[in-house]
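Coordinate inspection notes
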Amino acid sequence: MNVEPSIQAKLLDLAAVDAELTRIEHRRKVLPEQQEVQRLEEERTTRKDAAVKVEILIDDLDRDIRKLETEIDGVRKREQRDRGMLDGGSVGAKQLSELQHELASLERRRSVLEDDLLEVMERREAAVADHQHAGANLSKAEEDLTDALRRRDEVLADLAVASQRCASDRDGLITAFPDELLAVYDKQRAERGVGAALLQARRCGACRIELDRGEIARIAKTAPQIVARCPECGAIMVRTKQSGL
């Protein structure tokens, strides 16, 4: 392929723009700000789950409290009934003994239930405190996530501007190249990452491998307009006074 040396030299400008596009794309994929967003999203989920878990516990304790209060109320009503019968003086000796025994049992039962109720209410109080703490942690996680999303979006916006600028520069450069040369360059770049590079001090600027003397001698004898390619990586080698020929 024959291309004017001045046109070949412009491949270095195109390669520089493409290298910058590659760096931008790589940074977009490994963005620390995105990794921080993902970490905080996981943290928010964990803290939300913790808050929901405490909410479920409080609901269970409320149900237990209602059940115990209902049982205590039932026991008290039975106590009131039995005392009313005792105070009425209309029961016989045998029934009197039975009522007294039942009242003692009811008092013990009510005492146990009231102790259980007090324990559950204390557990609920502690759970409410845990829920408030979990809610504060969740709010903090959401605030941190919002801030991280803002920082990430700002960086992505900057990268988008830089990428658009490079794309515009690239569009302006490619009009200078013959279609055949550009096709070779784009294919090489797609396969190896670098389409063209400077041959400098006998070393390919794409793969950084130093060419042997025989290859250098062959390239030196090649007319400047003939496009040279690296025998190792296939990249187009742009020859200048720095090439060591």
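Above this text you will find the structure in question.
Because the structure is a prediction, the values reported are computed rather than measured.

Here the focus is a negative patch on the surface. On the surface, Asp115, Asp116, Glu119, Glu122 and Glu125 cluster together into a patch of negative charge. By the secondary structure assignment, glutamate 125 is in helix α3 (residues 93-174). Classification of glutamate 125 by relative accessible area gives exposed; the value is 59%.

So, on to the pattern of salt bridges. Within the structure shown, the criterion is met by 26 salt bridges. Ionic pairing is found between glutamate 43 and arginine 39, a salt bridge with its closest N-O pair at 3.1 Å. Of this pair, glutamate 43 and arginine 39 both sit in helix α2 (residues 32-88), four residues apart, which is roughly one turn of the helix. For arginine 150, the salt bridge is made with aspartate 147, and the minimal N-O distance between the two is 2.5 Å. Here arginine 150 pairs with aspartate 147, and both are found in helix α3, just three residues apart, close to one helical turn. Residue class for aspartate 147 comes out partly exposed when judged on its relative accessible area of 30%. Linked through salt bridges whose partners overlap, the residues forming this network are Asp18, Arg170, Asp186 and Arg189.

Okay, unusual backbone geometry next. One non-glycine residue, alanine 201, adopts positive backbone phi at about 50°. Locating alanine 201 in the fold gives a position in the loop between β1 (196-200) and β2 (203-204). Overall, the relative accessible area of 52% leaves alanine 201 in the exposed class. Even without glycine at this site, arginine 202 takes up a positive phi of about 65°. Along the chain, arginine 202 falls in the loop between β1 and β2.

Across the sheet, four strands lie side by side as β2-β1-β4-β3; this open sheet has mixed pairing. At either margin of the open sheet sits one strand with a lone partner, and together these are β2 and β3 (228-229). Looking at chain direction, β1 and β2 are connected through two bridges and run antiparallel. Bridge pairing links leucine 199 to cysteine 204 in β2.

Here the focus is the side chain of arginine 239. With respect to the helices and strands, the residue arginine 239 is situated in strand β4 (residues 236-239). One buried charged side chain, arginine 239, makes no salt bridge at all; its nearest oppositely charged neighbour is glutamate 215, positioned 9.7 Å away. Within the structure, arginine 239 has its side chain in polar contact with the backbone oxygen of alanine 223 (distance 3.3 Å).

You can see aspartate 18 is positioned in helix α1 (residues 5-29). Beyond its immediate stretch of four places on either side in the chain, aspartate 18 contacts Arg170, Tyr185 and Arg189.

The rules we used
Residues numbered from 1 in each chain as written. Predicted model: local features only at pLDDT ≥ 70, side-chain atom pairs only at ≥ 80, totals over all residues. Heavy atoms only, no water. Patch = residues over 30% accessible without salt bridge, like charges linked within 9 Å, V, L, I, M, F, W, Y side chains within 5 Å. Areas by Shrake-Rupley, 256 points an atom, 1.4 Å probe, with all protein chains shown as cover. Salt bridge = Lys/Arg side-chain N within 4 Å of Asp/Glu carboxyl O. Lys, Arg positive; Asp, Glu negative; His and termini not counted. Charge placed at Lys NZ, Arg CZ, Asp CG, Glu CD. Helix = DSSP H or I, 4+ residues; strand = E, 2+ residues; numbered from the N terminus. Buried < 20%, exposed > 50% of the residue type's maximum accessible area, 1.4 Å probe, protein only. Pairing = 2+ DSSP bridges. Polar contact = N/O pair within 3.5 Å; in protein donor to acceptor, adjacent residues only side chain to side chain. Contact = heavy atoms within 4.5 Å.

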